[in-house]
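# A structural walkthrough
Residues per chain, in single letters:
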Amino acid sequence: MRIKIHFRKNLMMSPEKLASQCGHVAKEIGRMMASNARADKIIVLGVSDSKYRKLCEEFQREGILWYEQVDSGLTEVIAGTSTAFGYVEEM
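To start, this report covers the structure provided alongside it. Predicted model only: the values in this text are computed from it and were never measured. (Residues numbered from 1 in each chain as written. Predicted model: local features only at pLDDT ≥ 70, side-chain atom pairs only at ≥ 80, totals over all residues. Heavy atoms only, no water.)

Our next topic: the nonpolar core. If you look at soluble globular proteins, the nonpolar side chains tend to sit buried side by side. Core analysis: the largest hydrophobic core is formed by 12 residues, namely I3, I5, F7, M13, L18, C22, V25, A26, I29, V77, A84 and V88. Taken together, the elements giving at least two residues each to this core come down to strand 1 (2-8), helix 1 (15-32) and strand 4 (82-89). Among the elements that take part in this core, helix 1 stands out by supplying five residues, more than any other. Non-local contacts of V77, meaning those with residues more than four positions away in its chain, are made with L11, M13, K17, D71 and T83. (Core = buried A, V, L, I, M, F, W, Y, C linked by side-chain atoms within 4.5 Å. Buried < 20%, exposed > 50% of the residue type's maximum accessible area, 1.4 Å probe, protein only. Helix = DSSP H or I, 4+ residues; strand = E, 2+ residues; numbered from the N terminus. Contact = heavy atoms within 4.5 Å.)

Okay, structure coming up:
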């Protein structure tokens, strides 16, 4: 499967924080669907806040299976901040 992850680039997360947030998303998507870690492809894209919100609203409206990572606020962003989301892209 091909997992597509979008992150909010305006949050200016450090590379380590960004990797952690995207890792959480990929892990949860893998739990939600039959996954083969060796065969899966992961694409990570930075998007603006407006594009991020637009995609989230579209996925909710269309009932697409997706996962949104909300941070607990222990390091770089405020608690409750949505940092990244992912879904399985149809191939």
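This next bit is on a nonpolar patch on the surface. Together, M32, M33 and L65 give the surface a local cluster of nonpolar side chains, amounting to about 240 Å² of exposed area. Considering the arrangement of structural elements, one finds M33 in the loop between helix 1 and strand 2 (41-47). On the accessibility criterion, M33 (32% relative accessible area) is partly exposed. (Patch = residues over 30% accessible without salt bridge, like charges linked within 9 Å, V, L, I, M, F, W, Y side chains within 5 Å. Areas by Shrake-Rupley, 256 points an atom, 1.4 Å probe, with all protein chains shown as cover. Salt bridge = Lys/Arg side-chain N within 4 Å of Asp/Glu carboxyl O.)

As a further point, take the pattern of salt bridges. One pass over the structure, following the stated rule, counts six salt bridges. A salt bridge links K4 to E89; the shortest N-O distance between them is 2.9 Å. Taken together, the residues span a long stretch of sequence, with K4 in strand 1 and E89 in strand 4 at a distance of 85 residues. A salt bridge links R8 to D49, with the shortest nitrogen-to-oxygen separation between them at 2.7 Å. Note that R8 is positioned in strand 1 and D49 in helix 2 (residues 49-62), a separation of 41 residues in sequence.

To continue, consider unusual backbone geometry. Although it is not a glycine, M12 sits at a positive phi angle of roughly 55°. Secondary-structure assignment places M12 in the loop between strand 1 and helix 1. On the accessibility criterion, M12 (69% relative accessible area) is exposed.

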